[in-house]
Amino acid sequence: MRVFSYAFHGLLTLFLLAISAIALSSGQILHLEMLPWHGQSLSYWLLFSALAGFLSLILAIRRTWRLLFVLWSLAVLVVLVRGFFLGPYEFAGRPEFYRALYLSAGALLAAFGAWFQLLRPTANRKA
């Protein structure tokens, strides 16, 4: 589950980084209604969130500051569940609902994987 968590959040951060960089460089405005931010600030939130998520992923892989990765995983799960299911977001149809459900289930599994990597003992490294 730890590897799934790393892969899920690695792909998520790369995707967020790519769409925010494209939106900021082209001047386009993103419309992601499931997120609480809108307009130009959405692009900046996605960019800096992706950088923070990528940093937490690298630190977790290196086993230096794994708690940050757990917090990142929980934040992703909360934003997805709140945005898709507890907010005013409306699904266009059943396939969109299932995609949101699969994405949220993946975030839940990734959060469990992040928690389990936190419980894993750190390796003793010689300086």
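Everything below is about the structure printed above this text.
Every value quoted in this text rests on a predicted model; they were computed, and no experiment measured them.

Moving on: the overall build of the protein chain. Of the regular secondary structure elements, the protein chain holds four helices and zero strands. When the helices and strands of the protein chain are read in sequence order from the N terminus, they spell out α-α-α-α. Across its three principal directions, the C-alpha atoms of the protein chain cover 50 × 35 × 20 Å. Taking all 127 residues of the protein chain together, 35% fall into the buried category. Surface accessibility of the protein chain: about 8100 Å² in total, with carbon and sulfur atoms responsible for 71%.

Nonpolar side chains collect at one region of the surface, where Met1, Phe4, Leu108, Leu109, Phe112, Trp115, Phe116 and Leu119 lie side by side and expose about 790 Å² of accessible area between them. Among the elements that take part in the nonpolar patch, helix 4 (residues 94–119) stands out by supplying six residues, more than any other. If you trace the backbone, Trp115 turns up in helix 4. Judged by relative accessible area, which is 42%, Trp115 ranks as partly exposed.

All right, on to the packing of aromatic side chains then. According to the stated counting rule, one finds twelve aromatic pairs in the structure shown. Between Phe84 and Tyr89, the ring centres sit 5.5 Å apart and the planes meet at 75°, which makes this aromatic pair edge-to-face. A centroid spacing of 5.2 Å and a plane angle of 85° characterise the contact between Tyr89 and Phe91, whose relative ring orientation is edge-to-face.

Packing of helix 1 (residues 2–26) against helix 3 (residues 66–85) leaves a shortest axis separation of 12 Å and a crossing angle of 65°. As judged from the angle between their axes, helix 1 and helix 3 are roughly perpendicular. Here helix 1 and helix 3 pass one another in a crossing that is left-handed. Taken together, the residues of helix 3 that come into contact with helix 1 (itself represented by Ser5, Tyr6, His9, Leu12 and Thr13) are Phe69, Trp72, Ser73 and Val76. Split by residue class, the contact of helix 1 with helix 3 holds five nonpolar, four polar and no charged.

Next up on the list: unusual backbone geometry. Look at Arg63: it is not a glycine, yet its phi comes out positive at around 60°. Examined against the element boundaries, Arg63 turns out to sit in the loop between helix 2 (40–61) and helix 3. Using a relative accessible area of 26% as the deciding quantity, one classes Arg63 as partly exposed.

We now examine the layout of surface pockets. The calculated volume of the largest pocket comes to roughly 480 Å³. For the lining of the largest pocket, the secondary structure elements donating two or more residues are helix 1, helix 2 and helix 3. Here the lining of the largest pocket gets six residues from one element, more than from any other, and that element is helix 3. Of the residues contributing to the lining of the largest pocket, the split by class is 17 nonpolar, one polar and no charged.

Conventions we followed
- Residues numbered from 1 in each chain as written.
- Predicted model: local features only at pLDDT ≥ 70, side-chain atom pairs only at ≥ 80, totals over all residues.
- Heavy atoms only, no water.
- Helix = DSSP H or I, 4+ residues; strand = E, 2+ residues; numbered from the N terminus.
- Buried < 20%, exposed > 50% of the residue type's maximum accessible area, 1.4 Å probe, protein only.
- Areas by Shrake-Rupley, 256 points an atom, 1.4 Å probe, with all protein chains shown as cover.
- Patch = residues over 30% accessible without salt bridge, like charges linked within 9 Å, V, L, I, M, F, W, Y side chains within 5 Å.
- Salt bridge = Lys/Arg side-chain N within 4 Å of Asp/Glu carboxyl O.
- Phe/Tyr/Trp six-rings, centres within 6.5 Å; stacked < 30°, edge-to-face > 60°.
- Axes fitted to C-alpha atoms, helices over the stretch in contact; angles between N-to-C directions.
- Parallel < 35°, antiparallel > 145°, perpendicular 65-115°, else oblique.
- Left-handed = near helix turned anticlockwise from the far one by under 90°.
- Contact = heavy atoms within 4.5 Å.
- Nonpolar A, V, L, I, M, F, W, Y, C, P; charged D, E, K, R; others polar.
- 1 Å grid on protein atoms, 1.4 Å probe; cavity = no way out; pocket = protein on both sides within 12 Å on 5 of 7 lines; lining within 4 Å.
- Points joined across faces, edges and corners; volume = space filled by probe spheres on them.

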